[in-house]
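Descriptive analysis of the structure
Given next are the chains, with one letter for each unit.
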Amino acid sequence: MKFSDTFEVRFAEMVTHYPTKRSALVPTLLYAQDEVGCLSDEVIAELAQRLELTELEVRNVISYYSMLTTKPRGKYNVQVCTNISCLVRGGEEILHHCQKKLGIGHKGTTPDGIFSLEEVECIGGCSWAPAAQVNYDYHENLTAEKMDKVLEEYRRKEMQ
Amino acid sequence: MPEVTLTVDGKKITAPAGTLLIEACKSVGIEVPSFCYYPNLSLQGACRMCLVKIEKMPKLQTACTTVVSEGMVVTTDSDEIKQARKSMLELLLGNHPLDCPVCDAGGECELQDMTFSYGAAESKFMEAKNHRDEQQWSPVVFFDRPRCILCYRCVRVCGEGMDVWALGVQNRGVSSIIAPNKEDHVECEECGMCIDICPVGALTSGAYRYKTRPWEMKHVGTTCTHCGDGCKTTLGVRRADTGMEIVRGDNRDKSGTNGDFLCIKGRYAFDFAHHEDRLMQPLIRKNGKLTPATWAEALALVGKKFGEICDREGGQAIGVVGSTRITNEEAYLLSKFARVVLGTNNVDHHRTADFPAFAAALRGKPGATASMADVFTAPAILLIGNDPTEQHPLLAWQIRNNVRLHGAPLYAINSRPIKLRRQATQFLQISPGTETQLADFMAGSNDAADALVSPSTSKDAWLALRDKLKTEQNLVIIFGSELRGAAVAELVKFGASVSGAKFTCLGDYANSHGAADMGLYPDLLPGYHPITGSSEFHREWGRVPQSAGLDLPGMIRAGKSGTLKALYVVGSNPISRLNIDPFVFSNAFVVVQDMFLTETATMADVVLPAANAYEKSGTFTNTCGDLQLVKKAGEVTGLKGDFEIIVRIADAMGFDVHKLVPFGRGTQADMGQTRGAQSGEADRHAVWLEARGLEPKMSPFDPMAILDEIQRLVPGYDVSRMNLLAGNSQHTSLAQAGAGAAHKPELISSANDNLFTSGTLGRYSHALQSVIESHEAKHSEVAAD
Ligand code: SF4
Ligand code: SF4
Ligand code: SF4
Ligand code: FES
Ligand code: FES
């Protein structure tokens, strides 16, 4: 399977960081997921072979981390935290708001493939709860209105 | 290792430094409960059942991951610990179904036992249980997810122990599950290790599941009947309409060298006994058709015919083919029967290794054979030829675990990229057929290395390897049937230059080594004594024909030319295994003893239905030369063991069976009654005798009487009878073997069995057939993709 040159450069560098190849698995999975959109069977087979692991081992690791997925998701993955700090500061409401707004539930994807939604555990933004993460961007001190703006922003980006 | 002193529950104990606390406690009889801990597997620390209090440590500690240290003060039983155990069990039972009465593991479940000993009487959990349907992962492996307590033993034994890595853990926390390597099924070696190691009823086997309850079985420890490794297997038997039925095979008591290891064949392929094609009564050819007959009729006919032919044509007109799955006692008896009763040396069997050449090379070298236990402890191993993962699963397990646990270097040289190369410090591939040159090179001929050189291995690399090997201490050298004749002698010559080197010669079937030791050869008597000359056998047996007899090809030629008038085949299927034209024997009187109407039996004049190795007693010698007991487990009424059949034929020929089997001397015993008010006394008496390591030897059908003779006469078999009867393997020796004879290495033909085949016998095991079919189906799917 073919990855982009950027991936190859990053991968080549990554494996040099660890004493054993398998240690490079998690970062490599993230790079691959960012590039392909999800960790398809093909990606799994390729990475297993490169890192001298069984496909089962690669799958075990993917299933452990909620940030890794084997199924394609929307272009923007909205991850709303409902853990303690966010919960007491209205995280659940933000989640429900997003569900209504996007018309999808936990782990759902909008029909146009732009958004998907996920309820997640603490993302480390407790001081500015409630917080959400869209792909790698953080959005904090959220209210329903603020969330609308955030979503609008991404949609606009997509329209351009 | 220096000893460490510590205090456990107020008791001062010592243990070698490095010992795990849980093991140290066990060694003095203090039980620390555990689930995930399993000796010889990596530490997991997952179940928290083994929590103990260690002074100066703030929290309770896991005894399974803590190493003993000097002055440690440990408490394994306090209110705090009791409470911790209760809580752990409560959590485990949170989603565990509470239906032990219908669970396959009920009665021998570790969770059940622990809950009984350490659990709380009630549960605070009110939540509904998360049910999941059971899944079938292969013909062998079934998984019932809610029962799983996530101890990860299965994952570790499959990966670390088997080097298969077919099981994994997916998700995390409470949603963790054990997952197979192929989404909804496993693609693996089907050994069943994961099933047996599972402490609960989460993994169950296709062979045994829901057939019976553990307490309804009787357990008999015997030796596997399949490959040459001689795993000890404990068979669970139960009463059936036809006698005793074997319903389970395992070795959970870890008696025997194999510990709890068994491959699929030892664990599940016992079902041939109840195959629908099993012969249940003797058959006699009448008007060209094999017709059911009584034993009396059949034996009388065989006795009469053999007697007539002996009288008319002499014994040399009769050929005898023995088996590699009959016991030593039967092989010895057959060898003796041929020589003494029939008066012929036309004796042979399916040869799968050059044991005569091996014995000749080791003559006068005591302690030069490696036992199966040695393979696990050897400081270094050289493996030439063979593919142990497929052909010798236990040997492969011993090698893998030696490398993993003791770090022994493995040097493997093979013409195929065998799986054990993954454990090898050095793996060298050679061209097929150059094994002989390899042996020559090892023995010192540098020129021979030219045939071994390849782009990946230069001549210098070969020289370096040989030098390296010579520096190893107590190297165990294991070789397959690729090495035969002079090559075996060359290899042994090389071994002489390595200090403490020991050898193992790999033969394929359960008693291939024994068949060779017991002299199922046309030119060798038991113990590799040449037929010409004089030995104890010539003296004791009396009438031994003095010239070498016919080997199998010779018998075929004699069959063709019409000089062979009778053929007696015991537990062998040469027509199919050696690809012989079935019509060559059509003019001879052919008698076949077997379980099934094999290709050989179909052309017989008399077919005698024989008991299999799980239905009789005696001994087997594994490929390493370890002598082990074979004990009767199953039983099918109406059948007779080969031992009894041979004796009865001798009797029917009018031969004095006292001259064949030394019975009725010595022990005199009241064997009690078998009927009436005192019935069962005979059994009790047998139990009493067995408990004292005594044997009756009261009847001509008692193999122990022949074992006496074997131990007395066959060199290297004078091992401790007490230890043997106690169920331990006893290593025999070839150092005092007879001088042997010039041999024909070309007659050796490897059985080429793999993990799922077992000669003719394997074809009658539904367990093996279903696995073969499912693996084939999967491969053809892949091919079609
Ligand atoms: S049967 Fe053996 S090889 Fe297959 S999954 Fe279980 S332990 Fe692994
Ligand atoms: S299936 Fe059995 S052996 Fe495997 S983790 Fe679950 S309980 Fe342990
Ligand atoms: S390794 Fe050989 S002896 Fe052991 S169980 Fe398998 S077939 Fe039987
Ligand atoms: S609880 Fe929401 S970011 Fe920590
Ligand atoms: S046995 Fe120690 S944690 Fe499981």
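On a predicted model such as this, the values are computed, not experimentally measured, just so you know.

Definitions and limits used
Residues numbered from 1 in each chain as written. Chains lettered and ligands numbered in written order. Predicted model: local features only at pLDDT ≥ 70, side-chain atom pairs only at ≥ 80, totals over all residues. Heavy atoms only, no water. Helix = DSSP H or I, 4+ residues; strand = E, 2+ residues; numbered from the N terminus. Buried < 20%, exposed > 50% of the residue type's maximum accessible area, 1.4 Å probe, protein only. Contact = heavy atoms within 4.5 Å. Polar contact = N/O pair within 3.5 Å; in protein donor to acceptor, adjacent residues only side chain to side chain. Near = heavy atom within 4 Å. Nonpolar A, V, L, I, M, F, W, Y, C, P; charged D, E, K, R; others polar. Phe/Tyr/Trp six-rings, centres within 6.5 Å; stacked < 30°, edge-to-face > 60°. Lys NZ or Arg CZ within 6 Å of the ring centre and 35° of its normal. Buried area = accessible area lost by both parts, 1.4 Å probe. Salt bridge = Lys/Arg side-chain N within 4 Å of Asp/Glu carboxyl O. Axes fitted to C-alpha atoms, helices over the stretch in contact; angles between N-to-C directions. Parallel < 35°, antiparallel > 145°, perpendicular 65-115°, else oblique. Left-handed = near helix turned anticlockwise from the far one by under 90°. Pairing = 2+ DSSP bridges.

**Some points on the overall build of chain A**
Per the secondary structure count, chain A includes 7 helices and 4 strands. Reading chain A from its N end, one meets helices and strands in the order α-α-α-α-β-α-α-β-β-β-α. Based on the C-alpha atoms only, the size of chain A along its principal axes is roughly 45 × 35 × 25 Å. For chain A, the proportion of its 160 residues judged to be buried stands at 42%. The contacts of chain A with a sequence gap of at least 6 include a subset with a gap of at least 24, amounting to 62%.

**Side note on the environment of Asn95(B)**
All names here are of chain B. When you line up the elements, Asn95 lands in the loop between α2 (79-94) and α3 (110-118). The partly exposed category is assigned to Asn95, whose relative accessible area is 31%. Asn95 sits 361 residues away from Ser456 along the chain, and the two C-alpha atoms are 55 Å apart. Within the local environment of Asn95, its side chain forms a polar contact with the backbone nitrogen of Asn130, the two atoms lying 2.6 Å apart.

**Quick notes on the site of ligand 2**
In the vicinity of ligand 2 lie 13 residues, with Cys148(B), Cys151(B), Tyr152(B), Cys154(B) and Cys198(B) positioned nearest. Tallied by class, the residues present in the shell around ligand 2 amount to 13 nonpolar, no polar and no charged.

**Description of the packing of aromatic side chains**
All told, the structure shown has 17 aromatic pairs over all chains when counted by the stated rule. For the pair Tyr332(B) and Trp541(B), a centre-to-centre distance of 5.5 Å together with 85° between the ring planes defines the contact as edge-to-face. One end of the pair, Tyr332(B), is in helix α8 (residues 328-342); the other, Trp541(B), is in helix α17 (residues 536-541), with 209 residues separating them in the sequence. Judged on exposure class, the residue Tyr332(B) and its partner Trp541(B) are both buried. One aromatic cluster is present, formed by Phe306(B), Phe337(B), Tyr568(B) and Phe589(B) through successive ring pairs. Lying over the aromatic face of Tyr64(A), Arg172(B) brings its terminal NZ or CZ to 5.6 Å of the ring centre.

**Observations concerning the environment of Ala652(B)**
Residue and element names in this part refer to chain B. Within the fold, Ala652 resides in helix α21 (residues 642-652). Residue class for Ala652 comes out partly exposed when judged on its relative accessible area of 35%. Considered as a pair, Ala652 and Asp447 are 205 residues apart in the sequence and their alpha carbons are 60 Å apart. Once residues within four sequence positions are removed from consideration, Ala652 is found in contact with Leu299 and Gly303.

**Some words on the interface of chain A and chain B**
Taken together, the contacts link 8 residues of chain A with 12 residues of chain B. Together chain A and chain B conceal approximately 780 Å² of surface at their shared face, both sides included; 50% is due to carbon and sulfur atoms. Where chain A touches chain B, the interface holds 0 salt bridges. For the pair chain A and chain B, the interface holds 3 residue pairs in polar contact (both at pLDDT 80 or more). A per-class count over the side of chain A that touches chain B returns 3 nonpolar, 4 polar and 1 charged.

**Concerning the packing of helix α13 (residues 435-442) of chain B against helix α14 (residues 459-471) of chain B**
Residues and elements named next belong to chain B. Running from N to C, α13 and α14 cross one another at 60°; their axes reach a closest spacing of 11 Å. As the angle between them shows, α13 and α14 are arranged oblique. Viewed along their axes, α13 and α14 form a crossing whose handedness is right-handed. Two secondary-structure elements touch here, α13 through Leu438, Phe441 and Met442 and α14 through Trp462, Leu463, Leu465, Arg466 and Leu469. Counted by class, the contact of α13 with α14 contains 7 nonpolar, no polar and 1 charged residues.

**Observations regarding unusual backbone geometry**
That bond from Ala129(A) to Pro130(A) is cis: its omega, -5°, falls within 30 degrees of zero. Of note, Pro130(A) is situated in the loop between β2 (115-120) and β3 (132-134). You will see that Glu190(B), though not glycine, has its phi angle at about 55°, which is positive. Checked against the element boundaries, Glu190(B) lands in the loop between β9 (177-180) and α5 (193-197). According to the relative accessible area criterion, Glu190(B) is buried, its value standing at 1%. Even without being a glycine, Lys254(B) presents a positive backbone phi close to 55°. Positionally, Lys254(B) belongs in the loop between β13 (243-250) and α6 (264-268).

**Here's the deal with the pattern of salt bridges**
Residue and element names in this part refer to chain B. Applying the stated criterion across every chain yields a total of 42 salt bridges over all chains. With a shortest N-O distance of 3.4 Å, Glu313 and Arg312 are connected by a salt bridge. Judged by its relative accessible area of 32%, Glu313 falls in the partly exposed class. Given the relative accessible area of 58%, Arg312 is considered exposed.

**Looking at the sheet that holds strand β22 (residues 502-505) of chain B**
Across a sheet, strands are paired by hydrogen bonds formed along the backbone, either parallel or antiparallel in direction. All names here are of chain B. Strand order in the open sheet formed by 5 strands is β20-β19-β18-β21-β22, and the pairing between neighbours is parallel. The sheet is open, and its two borders are formed by β20 (426-429) and β22, each paired with just one other strand. On average, each strand axis in the sheet is inclined to that of its neighbour by 10°, with strand direction left out of account. Inspection of the sheet shows strand β19 (residues 410-414) paired to β20 by 4 bridges, in the parallel sense. Bridge pairing in β20 links Asn414 to Gln429. Each of β21 (476-479) and β22 is contacted by helix α9 (residues 355-362), which is oriented at about 165° to β22, the strand it contacts most. The strands touched by helix α15 (residues 486-495) are β18 (381-384), β21 and β22; relative to β21, the strand with the most contacts, the crossing angle is about 170°.

**Overview of helix α4 (residues 55-64) of chain A**
Residues of α4(A) that are buried: Leu56(A), Glu57(A), Val58(A), Asn60(A) and Ile62(A). In this structure, the buried side of α4(A) is in contact with α2 (25-36) and α3 (41-50) of chain A together with β8 (167-170) and β9 of chain B.

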